[in-house]
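# Coordinate analysis (summary)
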Number of protein chains: 2
Amino acid sequence: MVIQVANYISDIEPYEGGKPISEVARELGIPENKIIKLASNENPIGISQLAKLAINSALKEVERYPDGNGFHLKKIISEKFSITPSQIILGNGSNDILELAARTFVTLKDEIIYSQHAFAVYKLVTKAIGAKGVEVPATKYCHDLNKFSTSITKKTKLIFIANPNNPTGTLIDKKTLKSFLDSIPKHIIVVLDEAYDEYLLDDLKSNSFEWIDTFRNLIVSRSFSKAYGLAGLRIGYGVGSPNLIELMNRVRQPFNVNHLAQEAAIASLNDKDFIEQSRKLNNEGMSQIVQAFKELNIEFIPSYGNFVSFKLQDEKTTMLYYHHLLKNGVIVRPISNYDLPEFLRVSIGLKNENKIFTKYLSNCNI
Amino acid sequence: MVIQVANYISDIEPYEGGKPISEVARELGIPENKIIKLASNENPIGISQLAKLAINSALKEVERYPDGNGFHLKKIISEKFSITPSQIILGNGSNDILELAARTFVTLKDEIIYSQHAFAVYKLVTKAIGAKGVEVPATKYCHDLNKFSTSITKKTKLIFIANPNNPTGTLIDKKTLKSFLDSIPKHIIVVLDEAYDEYLLDDLKSNSFEWIDTFRNLIVSRSFSKAYGLAGLRIGYGVGSPNLIELMNRVRQPFNVNHLAQEAAIASLNDKDFIEQSRKLNNEGMSQIVQAFKELNIEFIPSYGNFVSFKLQDEKTTMLYYHHLLKNGVIVRPISNYDLPEFLRVSIGLKNENKIFTKYLSNCNI
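Residues and elements named next belong to chain A. Strand order across the open sheet formed by 7 strands is S2-S8-S7-S6-S5-S3-S4, with mixed pairing between neighbours. Unpaired on one side and paired on the other, strand S2 (88-91) and strand S4 (132-136) mark the two borders of the sheet. Along the sheet, successive strands turn relative to each other by an average axial angle of 20°, direction set aside. Pairing of strand S5 (residues 156-162) with strand S6 (residues 189-193), which is carried by 5 bridges, proceeds in the parallel orientation. By the bridge assignment for S6, Ile 159 is matched with Val 190. The strands that helix H5 (residues 94-105) touches are S2, strand S3 (111-115), S5, S6, strand S7 (218-223) and strand S8 (236-240); relative to S7, the one it contacts most, it runs at about 155°. Set on the sheet, helix H8 (residues 174-183) makes contact with S5, S6 and S7; between it and S5 the angle comes to about 175°.

Structure representation (structure tokens):
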């Protein structure tokens, strides 16, 4: 066998997602309906009823290829945010946007900057194209943009920023972010990943779409997988200046976003009540879980997302807690691959799910 | 504006798909229900009823991320074809498999071989990674594997073969194909694209999955978009030796295949009647259209797919026919981008759709 691949391919460590409910059921012999998954930052209330109706209606032409140009969805997005369809690219999840940005603008010889503890996919897409990843140390678990600036070299071609960041839940305030964009060379692409933007209070949002005309090197990515609850359908989008978007569209697979996802996303954007309800439930659940951490004297990183990471004594204790929760049917997420081996990340669930999580958290006899 | 991209990116010409019904309706002011789309090799009878039920049932957990490992679907595929799950990779359409193969095994310095008139995506994925594409002249519109052999150089890293090929519909017989695989160096990856395999009579199928153990450099790709009718959902898969599949999985996006597509594919594989019905309708429709070509003295390329390409006098006449059909609500596909400017490709539709197509074909006053 003499198939050779580039070293950068064989060096990739595959992404480890949250354990699916079906997998835990198989492995531990627990009935699926007894399992609570708080491991993948999914929306515990599901999806908008309008989206369900839209999917059912779209089923009648599911044998047709989807609209590769995403005409209707781009129109709805552009109207909602006062941008133009030519500033929008659709992705098979926002993961697809992150990957397309790297594949379009970065070559083997270039460098990509991202933060320690930042979303794992930045490192993966960097490795998959064989570029050099530059991981900038975090300060108090947060992106440190000053250190980003000093890490820029002649080879820097792209910078990934997650805001809020997963799995730390930290937020860079909009003024700091804008100053950073102002300060860096304009030939460097900045990908601002705002997958959790919908959970932010209005005055904390950076309203980054308004920056697109000023910063022609900026690409903002958004997701329908989180607050909109469409994780299972795979849809996200990127917003940037038309010439960046046009270049990314050349690399994009012609039919990367399925038809049902497009129709569900259109309906979801029209359902403001659903997003309000999701945000409200998340705020209440976050308070509930944070309260439990305080009562149990468990350290945690204050989070702006729909999840929160908490710290246990050491790596061994962390895994004992993880397995204790797991065997009681509660799936959370170890994040040692994020350089946080003493932490677990829990997604905010329904009130009763949060209660069960805190119950098993409190009765773990280590 | 000083954003620079590699020449190979800016040289990509985006893929042009078949015109969507909604686009023709918008542009020509024809009601959508009066438009017949025979432009994208879709299944005119839709999808399996079992698949519809599966999608409806899967909707209840569409807020969850899909199973990134595709456990259940790989199990069903492996049982159906007597292979192992470790020999299977799932894709967001088989397009994703073609792209993953190129991105995993080919670098900027390498060459990729494909045929003249072959599926356009081979050239696109080659360009997107900046590799050199070597287009081998076709013989009588068919892949000429002898010329493939003589085109191999030290830099050849991957060969794309479409069987049957789109848009010509030509088939390489299994003996010729196996001899070719026997003859070429074993460090060269061969991607055998069998998107239309389900339409072949049993004794014409190459049964290429049986070759996987022998040819450790072979990757076969299959699609659910054609005979299974799931084009709108985006799902396909690749089959190859476990070590090739494992490498491709490193480059694959963790959640590249949506949940509804996985469930629909599982149900579709269990519905043998649907595939039989699709194949029967396709054979009847092919006879109907071929008969019309003969009566109208129109030259065509005999096809093994669910489409057939036919030749008109010259490029100008071809586009006159195309627009005549279009303004009468019949969408077919010009294929000048396949180096076949005098041809149009028509997908086999329902009996009545084929009849309307042949009617407007015969009354075009050029």
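All names here are of chain A. Burial runs high along strand S10 (residues 307-311): 4 of the 5 residues are buried. Sheet topology places strand S9 (residues 299-301) next to S10; 3 bridges connect them, and they run antiparallel. Bridging across to S10, Phe 300 finds its partner in Phe 310. In this antiparallel pair of consecutive strands, S9 and S10, the connection spans 5 residues.

Take helix H8 (residues 174-183) of chain B next. Residue and element names in this part refer to chain B. Those residues of H8 lying buried are Leu 177, Phe 180 and Leu 181. Each buried residue of H8 sits inside an arc of 100° when the element is viewed along its axis, so together they form one side. Buried residues along H8 sit in contact with helix H7 (145-151), strand S5 (156-162), strand S6 (189-193) and strand S7 (218-223). You can read the cap of H8 off the contacts: a side-chain oxygen lies 3.1 Å from the backbone nitrogen of Lys 175, and it is on Asp 173.

All names here are of chain A. It is at 10 Å that the axes of helix H12 (residues 315-327) and helix H13 (residues 351-362) come closest, and there the two elements cross at 130°. In terms of axis orientation, H12 runs oblique to H13. For the crossing formed where H12 meets H13, the hand is right-handed. For the pair H12 and H13, contact is made by Tyr 321, His 324 and Leu 325 and by Phe 357, Tyr 360 and Leu 361, respectively. Its residues placed into classes, the contact of H12 with H13 shows 5 nonpolar, 1 polar and no charged.

This brings us to the side chain of A:Asp271. Residues and elements named next belong to chain A. Topologically, Asp 271 is positioned in the loop between helix H10 (259-269) and helix H11 (272-295). It turns out Asp 271 is buried and unbridged, and the closest side chain with the opposite charge, Lys 80, is 10.0 Å from it. Here Phe 274 takes part through its backbone nitrogen, which lies 3.1 Å from a polar atom of the side chain of Asp 271. Those residues in contact with Asp 271 that lie beyond four places of it in its chain are Ser 48, Gln 49 and Leu 50.

Once that is clear, we can look at a nonpolar patch on the surface. All names here are of chain A. There is a patch of nonpolar side chains on the surface, built from Leu 201, Leu 204 and Tyr 304 and spanning about 260 Å² of accessible area. Counting through the fold element by element, Leu 201 comes out in the loop between S6 and S7. Here Leu 201 falls in the exposed class, since its relative accessible area comes to 53%.

This paragraph deals with H11(A). Taking 1.5 Å per residue, 24 residues should reach 34 Å; H11(A) reaches 35 Å between its end C-alpha atoms and fits that length. In the stretch just after H11(A), A:Asn297 is the one whose phi turns positive, near 55°.

A:Ile161, A:Leu260, B:Ile161 and B:Leu260 are the most contacted members of the largest nonpolar core, which totals 110 residues. Apart from the residues within four sequence positions on either side, A:Leu260 is in contact with A:Ile55, A:Ala58, A:Leu59, A:Val62, A:Leu233, B:Ile55, B:Gly232, B:Leu233 and B:Leu260. A:Leu124, B:Ile89, B:Ile189 and B:Tyr338 belong to the second-largest nonpolar core, a separate cluster that totals 41 residues.

Here the focus is the pairing of strand S3 (residues 111-115) of chain B. Residue and element names in this part refer to chain B. Counting buried positions along S3 yields 5 of 5 residues, so the element is predominantly enclosed. Residues of S3 alternate between two faces, with Glu 111, Ile 113 and Ser 115 on one and Ile 112 and Tyr 114 on the opposite face, all of them buried. Where S3 lies against strand S4 (residues 132-136), 5 bridges are found, and the strand directions are parallel. When the bridges of S4 are listed, Glu 111 appears paired with Lys 132. On the question of chirality, the crossover connecting S3 to the parallel S4 by way of helix H6 (residues 121-128) is right-handed. Sheet analysis places S3 next to S5, joined by 3 bridges and oriented parallel. Residue pairing for S5: Glu 111 is matched across the bridge by Thr 156.

Here we come to the side chain of A:Asn256. Within the element layout of this structure, A:Asn256 appears in the loop between helix H9 (242-251) and H10. Classification of A:Asn256 by relative accessible area gives buried; the value is 4%. Of the polar contacts made by the side chain of A:Asn256, one reaches the side chain of A:Asp96; its length is 2.9 Å. Apart from residues lying up to four places away in sequence, A:Asn256 is in contact with A:Leu90, A:Gly91, A:Asn92, A:Asp96 and B:Asn92.

Listed as interface residues are 73 residues of chain B and, on the opposing side, 72 residues of chain A. With both chains or domains summed, chain B and chain A bury close to 6,300 Å², and 58% of this area falls on carbon and sulfur atoms. For the interface between chain B and chain A, the tally reads 4 salt bridges. Close ionic contact of A:Arg64 with B:Glu42 constitutes a salt bridge, the shortest N to O distance being 2.7 Å. Linking chain B with chain A are 30 residue pairs in polar contact (both at pLDDT 80 or more). At the level of secondary structure, the elements contributing two or more residues to the side of chain B that touches chain A comprise helix H1 (7-10), helix H2 (21-28), helix H3 (49-58), helix H4 (71-81), helix H5 (94-105), helix H9 (242-251) and helix H10 (259-269) of chain B. For the side of chain B that touches chain A, the leading source of residues is H5(B), giving 6 residues.

To continue, consider the domain arrangement of chain A. Much of the literature gives interface size as the accessible area that the parts lose upon coming together. All names here are of chain A. One can read the domain layout of chain A as domain 1 (7-46 + 273-362) and domain 2 (49-270). Roughly 2,600 Å² of surface becomes buried between domain 1 and domain 2 when both sides are summed, with 62% attributable to carbon and sulfur atoms. Area buried by domain 1 at its contact with domain 2 is led by Arg 279, Tyr 304 and Tyr 338, which between them contribute 26% of it. Between domain 1 and domain 2 we count 0 salt bridges in total.

The next point concerns the environment of B:Glu23. With respect to the helices and strands, B:Glu23 occurs in helix H2. One polar contact links B:Glu23 to B:Lys19, side chain to side chain, over a distance of 3.4 Å.

Definitions and cut-offs
- Each chain has its residues counted from 1, running along the sequence as written.
- Chains carry letters and ligands carry numbers; both start at the beginning, A for chains and 1 for ligands, and go up in the order they are written.
- At least 70 in pLDDT is required for a residue's local features to be given in this predicted model, at least 80 for side-chain atom pairs to be given and counted, and no such filter applies to totals for whole chains, interfaces and linings, which use all residues.
- No hydrogens and no water enter the side-chain calculation; it runs on all heavy atoms of the structure.
- Note: two strands are recorded as paired if DSSP finds a minimum of 2 bridges between them.
- For helices the rule is a DSSP run of H or I covering at least 4 residues; for strands it is a run of E covering at least 2, with both sets numbered from the N terminus onward.
- Where helices are involved, their axes are fitted lines through C-alpha atoms of the stretch in contact, as for all axes, and angles between N-to-C directions lie from 0 to 180°.
- Note on contacts: a residue pair qualifies if any of its non-hydrogen atoms lie within 4.5 Å across the two residues.
- Per-residue accessibility, obtained with a 1.4 Å probe over protein chains only, is compared with the maximum for each type, and a residue is labelled buried under 20%, exposed over 50%, and partly exposed between these values.
- Here the arc refers to the directions that run from the helix axis out to each C-beta atom.
- Each polar contact in these results corresponds to two N or O atoms within 3.5 Å; when the atoms are within protein, one needs to be able to donate a hydrogen and the other to accept it, and residues that are neighboring in sequence are counted only if both atoms are side-chain atoms.
- Each angle receives one of four descriptions, namely roughly parallel if under 35 degrees, roughly antiparallel if over 145, roughly perpendicular if within 65 to 115, and oblique otherwise.
- The handedness criterion is simple: a crossing whose near helix is rotated anticlockwise from the far helix by less than a right angle is left-handed, and one whose near helix is rotated clockwise is right-handed.
- Amino acid classes used here: Ala, Val, Leu, Ile, Met, Phe, Trp, Tyr, Cys and Pro are nonpolar; Asp, Glu, Lys and Arg are charged; the rest, including Gly, are polar.
- The charge count treats Lys and Arg as positive and Asp and Glu as negative. His and the chain ends do not count.
- One side-chain nitrogen of Lys or Arg within 4 Å of one carboxyl oxygen of Asp or Glu is enough to make a salt bridge.
- Distance thresholds for patches are 9 Å for like charges and 5 Å for nonpolar side chains (Val, Leu, Ile, Met, Phe, Trp, Tyr), applied to residues having over 30% relative accessible area and no salt bridge.
- Residue burial considers only the protein chains on display, and all accessible areas are found by Shrake-Rupley using a 1.4 Å probe.
- To estimate the expected span of a helix, count its residues, drop one, and scale the result by 1.5 Å.
- Among buried residues, those of type Ala, Val, Leu, Ile, Met, Phe, Trp, Tyr and Cys that are joined through side-chain atoms within 4.5 Å constitute a nonpolar core.
- Assignment of crossover handedness uses the view with strands pointing away from the viewer, where a clockwise path from the first strand over the helix to the second indicates a right-handed crossover.
- Put simply, buried area is how much 1.4 Å-probe accessible surface two parts lose in total, over both of them, once they are put together.
- Either an automatic procedure or a domain database provided the assignment from which the domain bounds are taken.

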